[in-house]
Amino acid sequence: MSQELVEKITRLKSERNAVLLVHNYQNPEIQDLADFAGDSLGLSRQAAATTADVIVFCGVHFMAQTAKLLSPSKTVLLPDAGAGCPMADMITPEDMRQLRAEHPRAAAVAYVNTTAEVKAEVDVCCTSANALKVIEAVGKEAEEVLFVPDKNLAHWVAQQTNVKIIPYRGFCPTHVWITAEAVRQKRAEHPHALFMCHPECEPEVVALADEVLSTSGMLKSAQKTDATEIIVGTEIGLLYPLRKANPGKTFYGFPAAVCPNMKKTTLEKVAAALETMQPQIEIPEGIAARARLSVERMVQYV
Ligand code: 13P
Ligand code: SF4
């Protein structure tokens, strides 16, 4: 059955001139089909550069929206239209406008985990891979920087810069399952293991980490390090590409850290999306024009 679906997807992809962009947290069978797998920044860059007519985005809604902003003439399909990001929904455009009115001298940076409507209200976006760079650059021009919605990413960046950051109250409901207590226990069980985590983890967890990285940053670092055992503080899906790329190393994850939205993409839904060319991402042009500027500025930062 799954072999039939893979064949169907491969055939439809070539008929439609489509490319499959896949986030590092997706189910293994989806990652295996990827034309490009990566973190939010890498996927944005691929979306901007592709010559395909159709992008099938295997990830969550804000990522597919970002792809559409960067490649407006392409058809962008999100195989499950209900695959959202609860963190992105923690701030509305009205909240953002109110924040800007309260802090008129602050520049505004949005984590890419936001809706296009919120991106339209800020100066620039960033991902976990370039947050420090973007905030430092913006901080040269402004007295203070509003950063939304992730309070944990804001805290991590604030520890590394003198730029005054005004954080918001958002957080990732998946990464909070990785508690400091659970990390201490894993470290006790595996005393020689390196601990790497995502900056969406809470500050007490980040304080225990040897390395704090985006998902693709963790994949690169795992290949480079001499450590043969690694504790991985992020969504459990990253364990699949880590193990595949590093058969000689042992990875320990936190099985409770599952993002249910990332798991909504299935082979059936990818095949159906390519067959019906639905569900498509559409962004009203008034919003898209302003949101596009924020994401175009973001992809310029390394
Ligand atoms: P990355 O950009 O590091 O892949 O993170 C995306 C995300 O949603 C993490 O929860
Ligand atoms: Fe959003 Fe967290 Fe899922 Fe990433 S892991 S998509 S931040 S809910």
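Just above, that's the structure.
Residues numbered from 1 in each chain as written. Chains lettered and ligands numbered in written order. Predicted model: local features only at pLDDT ≥ 70, side-chain atom pairs only at ≥ 80, totals over all residues. Heavy atoms only, no water.

Caption draft 1: Quick peek at the sheet that holds strand E4 (residues 75-77). Here 4 strands make up an open sheet; going across it, the order is E2-E1-E3-E4 and the pairing parallel. Sheet topology places strand E2 (36-38) and E4 at the edges, where each strand pairs with a single neighbour. Each adjacent strand pair in this sheet contributes to an overall mean axis angle of 20°, direction not counted. In this structure, strand E1 (residues 18-23) lies alongside E2, joined through 3 bridges in parallel fashion. Each residue of the ladder has a partner; that of Leu21, found in E2, is Phe36. Contacting E1, E2 and strand E3 (54-58), helix H3 (residues 40-49) crosses the sheet at an angle of about 170° to E1. Contacts from helix H13 (residues 267-276) reach E1, E3 and E4 within the one sheet, and its direction differs from that of E3 by about 160°. (Pairing = 2+ DSSP bridges. Helix = DSSP H or I, 4+ residues; strand = E, 2+ residues; numbered from the N terminus. Axes fitted to C-alpha atoms, helices over the stretch in contact; angles between N-to-C directions. Contact = heavy atoms within 4.5 Å.)

Caption draft 2: Up close: the site of ligand 1. Neighbouring residues of ligand 1: His23, Tyr25, Asp39, Ser40, Asn113, Ser128, His175, His198, Glu200, Ser214 and Thr215. Residue Tyr25 places a side-chain N or O atom 3.5 Å away from an oxygen atom belonging to ligand 1. At 3.3 Å from an oxygen atom of ligand 1 is found a side-chain nitrogen or oxygen belonging to Asn113. For ligand 1, whose accessible area on its own is 300 Å², the fraction buried by protein is 95%. (Near = heavy atom within 4 Å. Polar contact = N/O pair within 3.5 Å; in protein donor to acceptor, adjacent residues only side chain to side chain. Areas by Shrake-Rupley, 256 points an atom, 1.4 Å probe, with all protein chains shown as cover.)

Caption draft 3: Molecular detail of the side chain of Lys68. Along the chain, the position of Lys68 falls in helix H4 (residues 61-70). In this structure, Lys68 is buried with no salt-bridge partner, the nearest side chain bearing the opposite charge being Glu282 at 4.6 Å. A polar contact of 2.8 Å, which involves the side chain of Lys68, links it to the backbone oxygen of Lys74. Excluding residues that lie within four positions of it along the chain, Lys68 makes contacts with Lys74, Val76, Ile281, Glu282 and Ile283. (Buried < 20%, exposed > 50% of the residue type's maximum accessible area, 1.4 Å probe, protein only. Lys, Arg positive; Asp, Glu negative; His and termini not counted. Salt bridge = Lys/Arg side-chain N within 4 Å of Asp/Glu carboxyl O.)

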